[in-house]
Protein chains: 2
Amino acid sequence: MARKTGSHSEITGPRVQAAALRLIAQHGFAAVSMRQIAAEVGVQAGALYNYTNDKQTLLFDLLRTHMEHLLNALGTLPETGTPMARLEAFCRFHIAYHIERPDEVFISYMELRNLSADNFAAIEALRRRYESHLDAILKDGQAAGHFALDDARVTTFAVIAMLTGVNTWYREDGPLSKTDLADLYWTLVRRAVAA
Amino acid sequence: MARKTGSHSEITGPRVQAAALRLIAQHGFAAVSMRQIAAEVGVQAGALYNYTNDKQTLLFDLLRTHMEHLLNALGTLPETGTPMARLEAFCRFHIAYHIERPDEVFISYMELRNLSADNFAAIEALRRRYESHLDAILKDGQAAGHFALDDARVTTFAVIAMLTGVNTWYREDGPLSKTDLADLYWTLVRRAVAA
DNA sequence: GTCTATATGCTGATAGAC
DNA sequence: GTCTATCAGCATATAGAC
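Residues numbered from 1 in each chain as written. Chains lettered and ligands numbered in written order. Predicted model: local features only at pLDDT ≥ 70, side-chain atom pairs only at ≥ 80, totals over all residues. Heavy atoms only, no water.

**So, the overall build of chain A**
Here is step 1: Summing up its helical and strand segments, chain A has 8 helices and 0 strands in all.
Here is step 2: Written out in order from the N terminus, the α and β elements of chain A read α-α-α-α-α-α-α-α.
Here is step 3: Its C-alpha atoms give chain A principal-axis dimensions of roughly 65 × 40 × 35 Å.
Here is step 4: For chain A, with 195 residues in total, the buried portion stands at 48%.
Here is step 5: Counting only contacts in chain A whose residues sit at least 6 apart along the sequence, the fraction spanning at least 24 positions is 68%. (Helix = DSSP H or I, 4+ residues; strand = E, 2+ residues; numbered from the N terminus. Buried < 20%, exposed > 50% of the residue type's maximum accessible area, 1.4 Å probe, protein only. Contact = heavy atoms within 4.5 Å.)

Take a look at the structure:
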């Protein structure tokens, strides 16, 4: 299998994504230059444009890929069971996924401002799909009398904000195991919504 | 009272702060240039350096001022009453203050990355002082048997994240009044912590 | 206190050699 | 697919006139 001239790697594309993700999470999109990303990968800046049309597209692809992975993973959760069981599964999933991918989560909240209008709309649509999953669970549980909610939509925002907040303080080398963590948050959510 | 030569305003300093706040909240610190801030104020870029040593200091002063105002306002809350009453007062205060100053809150979370190490440490210390206020209420209520908390520290993080999340979706021209909003969040918090 | 002018360096992106 | 070289523009910050 002949390589093309000058190719030193079969996987430069993913390495560009990984470098961009790490650097943008650390310094912010506007503060990171294409040259910095190239240096992290070990190529010259011009070579990056074999893998992205421009810097904006690079950011958009990072966010879109993250949201699609998140939605795919969400899709593997069982859709049967009581609303309470489904809510617990969602909460544990959300925490586990977010702890596992802090950089992706971080830039998906922090860099929305730096998306073009079209790209922003696309990411927001994916985010709404994710939130609507929780919203549906809450409304089902409300209708079945398992939950006592004054406003399901607000509860969705509140629960997601609370759970996502773990990324601002949780450290894997700290005193709490991931199971402890999920148990603590689940207890808070359960008590907040239970009838 | 003689003005100095070329002075066109007694309040350029505050106007610089306000312009920087608005632009940074909208576009991000690294994406906003001193020229943009100057244009918003109506002066040339060089004139900004009469009011700040450099761009970094401008950001730091915005965040420090916000945190100090927040702590001062927090200090006006009554420190007497049951832990439940103090918790309710804190929650309503936090939501009201954050809704009232969305730009300041936004940059205080988003631009921490762009602070120098020393400046970051200073802002983090102020933030910890704020969080410790809620932590103290939770621990008092726990000790008095009014709250049932598995972990007061985690509950502090969870409650603050949940309440701060209002800024990501709440709009004053939407269907919910500020009172409705505070009532909804307070209900969630109360049920999550009550014994 | 604000202006103009400038020093110095970095930016995103492209062209063409290999 | 990666390199080098380059374009045209904008960045922060400062100096000195007024």
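Next comes the rest of the account.
**Observations regarding the packing of aromatic side chains**
All names here are of chain A.
Here is step 1: Under the criterion given, the structure shown has 8 aromatic pairs over all chains.
Here is step 2: Note on F90 and Y130: the rings are 5.5 Å apart at their centroids and 40° apart in plane angle, and the pair reads as tilted. Taken as a pair, F90 in helix 4 (residues 83-100) and Y130 in helix 6 (residues 117-143) lie far apart in primary sequence, 40 residues in all.
Here is step 3: Judged by relative accessible area, which is 0%, F90 ranks as buried.
Here is step 4: Classification of Y130 by relative accessible area gives buried; the value is 3%.
Here is step 5: Ring centres of F93 and Y97 lie 5.7 Å apart, and the angle between their planes is 45°; on these two criteria the pair is classed as tilted. Here Y97 and F93 lie together in helix 4, a separation of 4 residues that amounts to about one turn. Taken as a pair, F93 and Y97 share a single burial class, namely buried. (Phe/Tyr/Trp six-rings, centres within 6.5 Å; stacked < 30°, edge-to-face > 60°.)

**Here we look at the environment of Y51 of chain B**
All names here are of chain B.
Here is step 1: Looking at the element boundaries, Y51 is found in the loop between helix 2 (34-41) and helix 3 (55-75).
Here is step 2: Accessibility expressed as a relative area gives 40% for Y51, which makes it partly exposed.
Here is step 3: When the C-alpha positions of Y51 and V16 are compared, they lie 7.8 Å apart, and in sequence the two are 35 residues distant.
Here is step 4: Apart from the residues within four sequence positions on either side, Y51 is in contact with T12, G13 and V16.

**Section: the interface of chain B and chain A**
Here is step 1: Each side of the interface is counted separately: chain B has 34 residues, and chain A has 34 residues.
Here is step 2: Of all residues in chain B, R113, W169 and R191 of chain B give up the largest surface area on contact with chain A, accounting jointly for 25% of the area buried on that side.
Here is step 3: The interface formed by chain B and chain A includes 2 salt bridges.
Here is step 4: E111 of chain B is the partner of R113 of chain A in a salt bridge, and the nearest nitrogen-oxygen pair spans 3.3 Å.
Here is step 5: Remark: the boundary between chain B and chain A carries 14 residue pairs in polar contact (both at pLDDT 80 or more).
Here is step 6: Among the elements of the structure, helix 1 (12-27), helix 5 (102-110), helix 7 (152-164) and helix 8 (178-193) of chain B are those that each provide at least two residues to the side of chain B that touches chain A.
Here is step 7: For the side of chain B that touches chain A, the class distribution of residues is 21 nonpolar, 7 polar and 6 charged. (Buried area = accessible area lost by both parts, 1.4 Å probe. Salt bridge = Lys/Arg side-chain N within 4 Å of Asp/Glu carboxyl O. Polar contact = N/O pair within 3.5 Å; in protein donor to acceptor, adjacent residues only side chain to side chain. Nonpolar A, V, L, I, M, F, W, Y, C, P; charged D, E, K, R; others polar.)

**Structural notes on the relation of the copies chain B and chain A**
Here is step 1: For these two chains of identical sequence, chain B goes onto chain A by a turn of 180° and a shift of 0.0 Å along the axis, with RMSD 0.0 Å. Taken together, these values place the two copies in the relation of a two-fold axis.
Here is step 2: A symmetric contact is evident, with 100% of the interface residues of chain B recurring at the interface of chain A. (Least-squares fit on C-alpha atoms with pLDDT ≥ 70 in both.)

**Thoughts on empty space enclosed by the protein**
Here is step 1: Enumeration according to the criterion identifies 6 cavities of 30 Å³ or more in this entry.
Here is step 2: Taken as a whole, the largest cavity encloses approximately 110 Å³ of empty space.
Here is step 3: The set of elements that each furnish at least two residues to the lining of the largest cavity consists of helix 7 (152-164) and helix 8 (178-193) of chain A together with helix 7 and helix 8 of chain B.
Here is step 4: Residue composition of the lining of the largest cavity, grouped by class: 13 nonpolar, 1 polar and no charged. (1 Å grid on protein atoms, 1.4 Å probe; cavity = no way out; pocket = protein on both sides within 12 Å on 5 of 7 lines; lining within 4 Å. Points joined across faces, edges and corners; volume = space filled by probe spheres on them.)

**Some details on helix 1 of chain B**
Residues and elements named next belong to chain B.
Here is step 1: End to end, helix 1 covers 22 Å across 16 residues, agreeing with the expected 22 Å (1.5 Å per residue, within 8%).
Here is step 2: Along helix 1, the residues classified as buried are T12, G13, V16, A19, A20, L21, L23, I24 and A25.
Here is step 3: Where helix 1 is buried, its residues touch helix 2, helix 3 and helix 5. (Expected span 1.5 Å × (residues − 1).)

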